[in-house]
Amino acid sequence: MTYFRKNIEEMQGYTPGEQPKTTHASSLQPIKLNTNENPYPPSPEVEKTLKSIDYEKLRLYPNPTADKVRNTIADIYGVKCDNIVVGNGSDDILTVAIRSFVGENQSIACFEPTYSLYPVLAKIQNATTLKIELDENLGFAFPMELTDNTSDLFKSLNKVKLFFITRPNAPTGTVFDITSIDKFCAIFKGIVFIDEAYADFSEDNCLELQKKYSNVIIGRTLSKSYCLAGIRLGWAIADKQVINGMMKVKDSYNINYITQELSVAALLDQNHLNKTVSRIKQSKERLVNNLINLNFSVIPSESNFIFASPPDKKGSQLFEFLRERNIIVRYFPGKITSKYIRITIGKDKNIDKLIECCKNYIKF
Ligand SMILES: *Cc1c(COP(=O)(O)O)cnc(C)c1O
């Protein structure tokens, strides 16, 4: 006997990356390279704003549509406030999208491997997930059949209401070719949600596709590039009609007052964003070069993490080896993903410790 809906009873909840318990002895603190958090502090403007917050204001409900935040985002991207909805992290935006566009017994689609939250949210909605496997031998590239509306693969999408494209993709760090995505958006009848959580680390992005197509939603977040996973702010950029509908679905006060204030301060400091992003890119390049010298195979990444496979292709063994040495990375079981580990780019001193451990792993 259960009180739950059948789909909830059956499902496994999402497993977030491990957050080790904090101890006060920093020497015992594990090196955390597993959840793609930014190793650097947020903008000093965020600290200033936080210190100046009047606690009496917490008595009141926050602005329900977070207008200051939306206006700031609109200015940065050259769109209108009406083109933006904000969420309690971009995970909240993903939930709003599924609830807005996908009914029970309808479908979403996403790639495999990709961000593993999409199927979980679909299951909560009692919707199914069509997973399209990416080919490791083609460098996890965008499947060409999806750009051809006469292909069997494309035709298999006929019940799909919402298609998630993660660019850069996780956990691979790869970017899909924009021309192919463009062709797909032109022929697909449902909504294409392009999750750009890591776009600030990549060379280009899909904002132009949003301007071109009314069925395209772009998702962004402050969690990775802005060093602000703790305040929970994400947003979607889309056609005005699409945003209007999503506004009906979101919780009325989904962004708390403190987050609204801090988000504006963070967004206005584009200089801090650019500085931290370029530091991370430099550390990434160094790590990649070192691992390649150790005969690892490293997938080219335009993100703040890399997907790397040791010469013995035993991701889980390397994961455990690092763990015993107090370094936490992410391991994904599965036929292809189990050859790899995903490493978040951290501060240089921690990346150096990781490289040392990888050298020892090779000898071991
Ligand atoms: C981290 C991440 C998110 C979630 O970001 P939040 O804004 O912290 O909820 C969404 N999509 C992808 C692909 C991510 O990696």
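Thresholds applied
Residues numbered from 1 in each chain as written. Predicted model: local features only at pLDDT ≥ 70, side-chain atom pairs only at ≥ 80, totals over all residues. Heavy atoms only, no water. Salt bridge = Lys/Arg side-chain N within 4 Å of Asp/Glu carboxyl O. Helix = DSSP H or I, 4+ residues; strand = E, 2+ residues; numbered from the N terminus. Buried < 20%, exposed > 50% of the residue type's maximum accessible area, 1.4 Å probe, protein only. Domains from an automatic or database assignment. Buried area = accessible area lost by both parts, 1.4 Å probe. Pairing = 2+ DSSP bridges. Contact = heavy atoms within 4.5 Å. Axes fitted to C-alpha atoms, helices over the stretch in contact; angles between N-to-C directions. Phe/Tyr/Trp six-rings, centres within 6.5 Å; stacked < 30°, edge-to-face > 60°. Lys NZ or Arg CZ within 6 Å of the ring centre and 35° of its normal. Near = heavy atom within 4 Å. Polar contact = N/O pair within 3.5 Å; in protein donor to acceptor, adjacent residues only side chain to side chain. Areas by Shrake-Rupley, 256 points an atom, 1.4 Å probe, with all protein chains shown as cover. 1 Å grid on protein atoms, 1.4 Å probe; cavity = no way out; pocket = protein on both sides within 12 Å on 5 of 7 lines; lining within 4 Å. Sits in = over half its atoms within 2 Å of the grid points. Core = buried A, V, L, I, M, F, W, Y, C linked by side-chain atoms within 4.5 Å.

J.: Help me out: how do you make sense of the pattern of salt bridges in this one?
T.: When their charged atoms lie close together, side chains carrying opposite charge are able to pair. Taken as a whole and assessed by the stated rule, the structure comprises 18 salt bridges. Measuring nitrogen to oxygen at the nearest pair gives 3.1 Å for the salt bridge that ties Lys123 to Glu10. Residue Lys123 is found in helix H5 (residues 117-124), and its partner Glu10 is found in helix H1 (residues 6-10); the two are separated by 113 residues along the sequence. Of the charged contacts in the structure, one is a salt bridge between Asp200 and Arg220, with a shortest N-O distance of 3.7 Å. Here Asp200 is found in the loop between strand S6 (191-195) and helix H8 (207-212), whereas its partner Arg220 is found in strand S7 (residues 216-221), with 20 residues between them in sequence. Classification of Asp200 by relative accessible area gives partly exposed; the value is 24%. Under the relative-accessibility criterion, Arg220 is labelled buried at 4%. Linked through salt bridges whose partners overlap, the residues forming this network are Lys6, Glu10 and Lys123.

J.: Explain the domain arrangement of the protein here, please?
T.: Taken domain by domain, the protein consists of domain 1 (29-42 + 271-363) and domain 2 (44-269). Measuring from the centre of the C-alpha atoms in domain 1 to the corresponding centre in domain 2 gives 25 Å. Both faces combined, the contact of domain 1 with domain 2 buries some 2,300 Å², and carbon together with sulfur accounts for 61% of it. A per-residue breakdown of the area domain 1 buries against domain 2 is headed by Pro42, Leu273 and Glu302, which together make up 29% of the total. At the boundary of domain 1 and domain 2, one finds two salt bridges. The residue Lys339 makes a salt bridge to Glu136 at a minimum N-O spacing of 2.8 Å.

J.: So what exactly am I meant to see when it comes to the sheet that holds strand S9 (residues 297-298) here?
T.: By way of backbone hydrogen bonds, the strands of a sheet pair with one another, either parallel or antiparallel. The antiparallel open sheet is built from three strands, whose spatial order is S9-S10-S12. Two strands in the sheet have a free side with no partner beyond their single neighbour: S9 and strand S12 (341-344). Bridge count for strand S10 (residues 305-309) against S12 is four bridges, and the pairing is antiparallel. Residue pairing across strands places Phe307 opposite Arg342, the latter belonging to S12. Sheet strands touched by helix H11 (residues 270-293): S9, S10 and S12. Its angle to S10, the strand with the most contacts, is close to 5 degrees.

J.: Looking at this structure, I do not really get the packing of aromatic side chains. What am I missing?
T.: The geometry of two aromatic rings is summed up by the distance between their centres and the angle between their planes. Under the definition given, this model contains 19 aromatic pairs. Aromatic pair Tyr115 and Tyr118: ring centres 5.4 Å apart, planes at 85 degrees, arrangement edge-to-face. Three or more aromatic residues link up through ring pairs in this structure, and these residues are Phe111, Phe142, Phe154, Phe163, Phe176, Phe184 and Phe188. Here the basic side chain of Arg279 rests over the ring of Tyr40, its NZ or CZ set 4.1 Å away from the ring centre. We note Arg325 situated over the ring of Phe321; from NZ or CZ to the ring centre the distance is 3.5 Å.

J.: Sorry, what's going on with the site of the ligand here?
T.: As a structural note, the neighbourhood of the ligand is formed by Gly89, Ser90, Asp91, Tyr115, Thr166, Asp195, Ala197, Tyr198, Thr221, Ser223, Lys224 and Arg232. In this structure, Tyr198 approaches the ligand through a side-chain N or O atom, which is 2.5 Å from an oxygen atom. The protein chains hide 93% of the 390 Å² of surface that the ligand would expose on its own. Judged by the fraction of its atoms near the pocket grid, the ligand is located in the largest pocket.

J.: Hey, could you run me through the side chain of Thr221 in this one?
T.: Structurally, Thr221 is set in strand S7. A polar contact is formed between the side chain of Thr221 and the backbone nitrogen of Ser223, at a distance of 2.9 Å. In this structure the side chain of Thr221 is engaged in a polar contact, spanning 3.4 Å, whose partner is the backbone oxygen of Leu233. Non-local contacts of Thr221, meaning those with residues more than four positions away in its chain, are made with Ser90, Ala197, Tyr226, Leu233, Gly234 and Trp235.

J.: What's the story with the sheet that holds strand S8 (residues 234-237) in this structure? I'm lost.
T.: One open sheet accounts for seven strands, arranged S2-S8-S7-S6-S5-S3-S4; its pairing is mixed. Pairing within the sheet leaves two strands with one partner each, and these edge strands are strand S2 (84-87) and strand S4 (128-133). Direction aside, the axes of adjacent strands within the sheet are offset by 25 degrees on average. The pairing of S6 with S7 spans four bridges and is parallel. From the neighbouring strand, Val192 faces S7, where its bridge partner is Val216. Where helix H3 (residues 67-77) meets the sheet, its contacts fall on S2, S7 and S8, and the angle it forms with S2 comes to roughly 125 degrees.

J.: Help me understand the pairing of S6, please; the structure alone is not making it clear to me.
T.: Every regular strand shows the same layout, with side chains that alternate between the two sheet faces. The buried count for S6 comes to five of five residues, which makes it a mostly enclosed element. Neither face of S6 is exposed, since Ile191, Phe193 and Asp195 on one face and Val192 and Ile194 on the opposite face are all buried. Across five bridges, the pairing between strand S5 (residues 160-166) and S6 is parallel. Residue pairing in the sheet places Phe164 in a bridge with Phe193 of S6.

J.: Just checking my understanding: could you explain the nonpolar core for this structure?
T.: Leu157, Phe163, Phe184, Trp235 and Leu291 are the most contacted members of the largest nonpolar core, which totals 89 residues. In this structure, this core is formed jointly by two domains, domain 1 (29-42 + 271-363) and domain 2 (44-269), each of which donates at least three residues. The contacts of Leu157, once residues within four sequence positions are left out, are Ala109, Leu130, Ile132, Leu146, Phe163, Phe184 and Phe188. One finds Val85, Phe193, Ile217 and Val242 within the second-largest nonpolar core, a separate group that totals 27 residues.

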